[in-house]
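# Remarks on the overall topology
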Amino acid sequence: MQLGLIGLGKMGGNMRERIRRAGHTVIGYDRNPDVSDVASLAELVDKLEAPRTVWVMVPAGAATQSVIDELGGLLESGDTVVDGGNSRWTDDEKHAAELGERGIGFVDAGVSGGVWGLKNGYALMVGGEEEHVDRLQPIFDALKPEGPYGYVHAGKVGAGHFSKMVHNGIEYAMMQAYAEGWELLEKIDSVENVREVFRSWQEGTVIRSWLLDLAVNALDDDEHLHGLRGYAQDSGEGRWTVEAAIDNAVPLPAITASLFARFASRQEDSPQMKMIAALRNQFGGHAVESAKE
């Protein structure tokens, strides 16, 4: 099968290679000419045979919208666009409607696998009409891990990215739990080898997971993580998960707390804790610490 792939960063570049290894033709475009197969989106579309399939792997929001808009003017009725980035599911509905007016199909694909995907395969959560999804099955089969798992046609347009959003929300909470347990173990003098405690959990325990394996890898590189600053960004999907929970009255205390913990990591001096300290001093005479000059 022939595929156009837009965005050849860490994920997109490895996806191009994995699909090619499966015997398919991939024509890639990236703003970086050193990795791009063509000089423009127009040239990419020109080199594809109809009916064309173009897979978009660029940042969510304005960047994706810009690419979708340009493709809408270049592609023809019967072609299909796949958004494999981390777009919000509500944007998928908008993009499907815009492209649908021109007879162009739209599929949203939540993709998980990170930098390990080239070797291990990518978990795919796909949304869209069956006729469009079915035509892309050879590409999905090339990307997914070997075996029966790692791919699902989750439902209508938006279902793929919504599923990936929830996946990432769960990921936030799992990482937070490992991080809290690690900090507590590091705090206790009687536990002399925290890294090996984590390693001992990798087999035979109910909390074993790939994230735990990655935590052990990180501790092997830097046993006490002294080389890292305690600062964590969020990609946006954690926020969208919490917003969707509010909209649907679904309680998500663990995921919500893990998101707020990331916000707290960006504060060198917590304004909230200043008020807590002030109140404790006011009602109980508890000691306060002066701000450093």
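## Considering the pairing of strand S6 (residues 123–127)
Counting buried positions along S6 gives 4 out of 5 residues, so the element sits mostly inside the fold. One ladder, built from 4 bridges, connects S6 with strand S7 (residues 151–155); its direction is parallel. Looking across to S7, one finds that Leu 124 is bridged to Tyr 151.

## Comments concerning the packing of helix H8 (residues 159–187) against helix H10 (residues 210–221)
Between H8 and H10, whose axes approach to 11 Å, the crossing angle comes to 45°. It follows that H8 is oblique to H10 by the angle criterion. For the pair H8 and H10, the crossing hand works out as right-handed. The residues of H10 that touch H8, namely those facing Glu 171, Met 174, Met 175, Tyr 178 and Trp 182, are Leu 211, Leu 212 and Leu 219. Taken together, the residues of the contact of H8 with H10 break down into 7 nonpolar, no polar and 1 charged.

## Examining helix H3 (residues 62–74)
Compared with the 18 Å implied by 1.5 Å per residue over 13 residues, the 19 Å span of H3 between its first and last C-alpha is a close match. Considered for burial, the residues of H3 that qualify are Thr 64, Gln 65, Val 67, Ile 68, Leu 71 and Gly 72. For H3, the angular spread of the buried residues around the axis is 165°, confining them to a single face. Along H3, the residues that are exposed and aim more than 90 degrees away from the buried face are Ala 62 and Gly 73.

## Here's the deal with helix H11 (residues 237–247)
Residue pairs spaced three or four apart in an α-helix point in one direction, given the helix's 3.6 residues per turn. Every buried residue of H11 is accounted for by Glu 237, Gly 238, Trp 240, Thr 241, Val 242, Ala 244 and Ala 245. Structurally, H11 contributes buried residues whose contacts are with helix H4 (89–100), H8 and helix H12 (253–265). Ala 249 sits one or two positions beyond H11 and adopts a positive phi of about 55°.

## Overview of a negative patch on the surface
A contiguous patch of negative charge, built from Glu 129, Glu 130, Glu 131 and Asp 134, is present on the exposed surface. On the secondary structure map, Glu 129 appears in the loop between S6 and helix H6 (130–135).

## Some thoughts on the environment of Asn 86
The topology assignment puts Asn 86 in the loop between strand S4 (80–83) and H4. Between the C-alpha atoms of Asn 86 and Pro 59, which are 27 residues apart in sequence, the distance is 7.0 Å. Sequence-distant contacts of Asn 86, defined by excluding residues within four places in its chain, comprise Ala 60, Lys 164, Glu 237 and Trp 240. For Asn 86, the side chain forms a polar contact with the side chain of Lys 164, separated by 3.2 Å.

## So, the packing of aromatic side chains
In this structure the tally under the stated criterion is 6 aromatic pairs. With a centroid separation of 6.0 Å and an interplanar angle of 70°, the aromatic rings of Trp 55 and Phe 140 are classed as edge-to-face. Of this pair, Trp 55 sits in strand S3 (residues 53–56) while Phe 140 sits in helix H7 (residues 137–143), placing them 85 residues apart in sequence. Comparing Trp 55 with Phe 140, the two get one shared label, buried.

## Quick look at a nonpolar patch on the surface
Residues Phe 162, Val 166, Ile 170 and Met 174 make up a contiguous nonpolar surface patch of about 280 Å² in total accessible area. On the secondary structure map, Val 166 appears in helix H8.

## Topic: the sheet that holds S6
Pairing within the open sheet is mixed, and its 7 strands lie in the order S2-S1-S3-S4-S5-S6-S7. Where the open sheet ends on each side, the last strands, each with one partner, are strand S2 (25–29) and S7. Pairwise comparison of adjacent strand axes, ignoring direction, gives a mean angle of 25° for this sheet.

## A closer look at unusual backbone geometry
Along the chain, Ala 50 connects to Pro 51 via a cis peptide bond; the corresponding omega equals -5°. With respect to the helices and strands, the residue Pro 51 is situated in the loop between helix H2 (41–47) and S3. Within the chain, Leu 225 stands out as a residue other than glycine whose phi angle is a positive 55°. With respect to the element layout, Leu 225 can be found in the loop between H10 and H11.

Cut-offs used in this document
- Residues numbered from 1 in each chain as written.
- Predicted model: local features only at pLDDT ≥ 70, side-chain atom pairs only at ≥ 80, totals over all residues.
- Heavy atoms only, no water.
- Buried < 20%, exposed > 50% of the residue type's maximum accessible area, 1.4 Å probe, protein only.
- Helix = DSSP H or I, 4+ residues; strand = E, 2+ residues; numbered from the N terminus.
- Pairing = 2+ DSSP bridges.
- Axes fitted to C-alpha atoms, helices over the stretch in contact; angles between N-to-C directions.
- Parallel < 35°, antiparallel > 145°, perpendicular 65-115°, else oblique.
- Left-handed = near helix turned anticlockwise from the far one by under 90°.
- Contact = heavy atoms within 4.5 Å.
- Nonpolar A, V, L, I, M, F, W, Y, C, P; charged D, E, K, R; others polar.
- Expected span 1.5 Å × (residues − 1).
- Arc of directions from axis to C-beta.
- Patch = residues over 30% accessible without salt bridge, like charges linked within 9 Å, V, L, I, M, F, W, Y side chains within 5 Å.
- Areas by Shrake-Rupley, 256 points an atom, 1.4 Å probe, with all protein chains shown as cover.
- Salt bridge = Lys/Arg side-chain N within 4 Å of Asp/Glu carboxyl O.
- Lys, Arg positive; Asp, Glu negative; His and termini not counted.
- Charge placed at Lys NZ, Arg CZ, Asp CG, Glu CD.
- Polar contact = N/O pair within 3.5 Å; in protein donor to acceptor, adjacent residues only side chain to side chain.
- Phe/Tyr/Trp six-rings, centres within 6.5 Å; stacked < 30°, edge-to-face > 60°.

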